[in-house]
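Fold and contact review
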Amino acid sequence: MKFYPWLLPALVCCILSTGCNKSTDLTSPSNVFLRMFPSDTSYQTGGAFQLADGNFVVYGFPPENNSFPPLIIKCDSKGTIIWKNPLSPAFHYCTVKSISASTLMAVGVAGTSSSIISVCEISDSTGKMIKGSLKEYMLPDIKSGPLMPPLFAQSESGGLLIAGTIENTTKKEYYPFALPVDENGVAMSPIVFDFNIPGWKLIMTRGLCKDNKGYTISGSTYNADVTETDPVISFCLRLDNNYDELWHTFLTDTKESISTKGMIVTESESSIILFGSRGKSTYANTNISDLIGTLYTQQLDMEGNLSDTSGSYSDFMNLGHAGGLAETSDGGYIMSATTNEMIDIYLVSSNHMYLLKLGKDLNEEWHREFKGFNAFTAVSVEQTKDGGYLIGGYEHSGTFIFTMCLIKTDADGNIVLQ
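Residues numbered from 1 in each chain as written. Predicted model: local features only at pLDDT ≥ 70, side-chain atom pairs only at ≥ 80, totals over all residues. Heavy atoms only, no water.

**Re the sheet that holds strand β3 (residues 44-50)**
Ordered by their spatial adjacency, four strands build an open sheet running β3-β4-β5-β6, and the pairing between neighbours is antiparallel. Single-partner strands in this sheet number two, and they are β3 and β6 (81-86). Each strand of the sheet is rotated relative to its neighbour by a mean of 15 degrees, with strand direction disregarded. (Pairing = 2+ DSSP bridges. Helix = DSSP H or I, 4+ residues; strand = E, 2+ residues; numbered from the N terminus. Axes fitted to C-alpha atoms, helices over the stretch in contact; angles between N-to-C directions.)

**Some remarks on the confidence of the model for the chain**
Predicted confidence across the chain gives a mean pLDDT of 84, with 82% of residues reaching 70 or more. Scored below 50 in pLDDT, residues 283-288 makes 32 contacts in the model with residues more than four places away or belonging to other chains. Across residues 342-348, where pLDDT falls below 50, the model places 15 contacts with residues more than four positions away in sequence or in other chains. (pLDDT = per-residue confidence, 0-100. Contact = heavy atoms within 4.5 Å.)

**Considering the nonpolar core**
Judged by nonpolar contacts, the single largest core of 32 residues is most densely connected at Ile72, Val96, Leu104, Ile117, Val119 and Ile162. Where this core is concerned, the elements lending two or more residues are β4 (56-61), β7 (93-98), β8 (103-109), β9 (113-123), β10 (135-143), β12 (160-168) and β13 (173-181). Among the elements that line this core, the one with the most residues is β8, at five residues. In contact with Ile72, not counting residues within four places along its chain, are Val57, Val58, Tyr59, Trp83, Lys84, Asn85, Leu87, Val96, Leu104 and Ile122. Ranked by size, the runner-up nonpolar core spans 17 residues in total, among them Leu161, Ile203, Leu208 and Leu239. (Core = buried A, V, L, I, M, F, W, Y, C linked by side-chain atoms within 4.5 Å. Buried < 20%, exposed > 50% of the residue type's maximum accessible area, 1.4 Å probe, protein only.)

**What to know about the side chain of Thr297**
Along the chain, the position of Thr297 falls in strand β21 (residues 294-301). Given the relative accessible area of 2%, Thr297 is considered buried. Within the structure, Thr297 has its side chain in polar contact with the backbone nitrogen of Gly311 (distance 3.1 Å). Those residues in contact with Thr297, other than ones at most four positions away along the chain, are Ile273, Leu274, Phe275, Thr309, Ser310, Gly311, Tyr313, Met335 and Leu362. (Polar contact = N/O pair within 3.5 Å; in protein donor to acceptor, adjacent residues only side chain to side chain.)

**Considering unusual backbone geometry**
Even without a glycine there, the phi angle at Asp141 is positive, about 65 degrees. With respect to the helices, strands and loops of the structure, Asp141 is situated in strand β10. For Tyr243, which is not glycine, the phi dihedral falls at a positive 70 degrees. Examined against the element boundaries, Tyr243 turns out to sit in the loop between β17 (234-240) and β18 (245-251).

Right, dumping it as structure tokens:
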């Protein structure tokens, strides 16, 4: 068994569950690594993904509402940095994606309360903003934060749909919004979704995805000032390609709080998978710390009807929250998650990062655990081109410093080659 020396300083362990099966038929070895990206500035990871050339990108932003810019890092298949560049502070809370083989796009805002959404394209080869690509869109009273940066999806014609959360300052209420932008960069009128449900007026956007037939937006209640007996809403709504609402639906439970982290539309476009956490303790879903509870997944059909399909996960996931969810090549799913012994941003004991392989029925097939001296939190996950998995996350030390990290596993979720 060969151990990689860069794993040792963090003392990261991959705890193998018994009775695991191969998730792919690939026989070629995968590159595996754990890579930390220390910096003088504290950065909380926003996400990570693989590029068309096989390299990886991880990006993050300071969790505090300050004037520091976000940071984007490109590294190779071994985790070695190729380039590392900050964006403008106008993108402080942002989402970054690859939009072509050579171009990234970033959509962001300057702080927790903003009136401008900034959009730019970034060269994949240099990490620099492409000259002339910066666009700004006025939209008063945008609410944002580490858990709820503005999201975007690109249409086939090159247009964008930007989704996020907006505040009605008069009523002190939060609503999901969608801002369509055409292929020429011209914004249309924003669409604000006021569900008009008595008692639920603080709702934030947590997920956005695009498929051939339209867009899906999800989210949940934004407030910590909710009692243990109050139900907490999660929503999912569907737009067609003309941005007209087709339907919306809600998940509520009078016994539990429900937080929707996001969703995916299955590759066959036959269902929507919501994922997040639900708990019986005091609700704590704010722009600082996510709801601590039991992992859940829930399947909806394309008309918004809840099905009987939901996942079952290990008992240790009863104190945690979801990071990311993605489809896998075998028709199942991969989920990153965190067991969370963190009361709030100032009281961290030990977060453990997990990778869970789910079957087509959303039930757990195997899991892997990653832990070290400090608290690890998972943010995103995807299957890589070699059949392995890429987890984006961050380490949170006792000195309140956030450090971005990447974990690249093999096809069985291991970071140790045998």
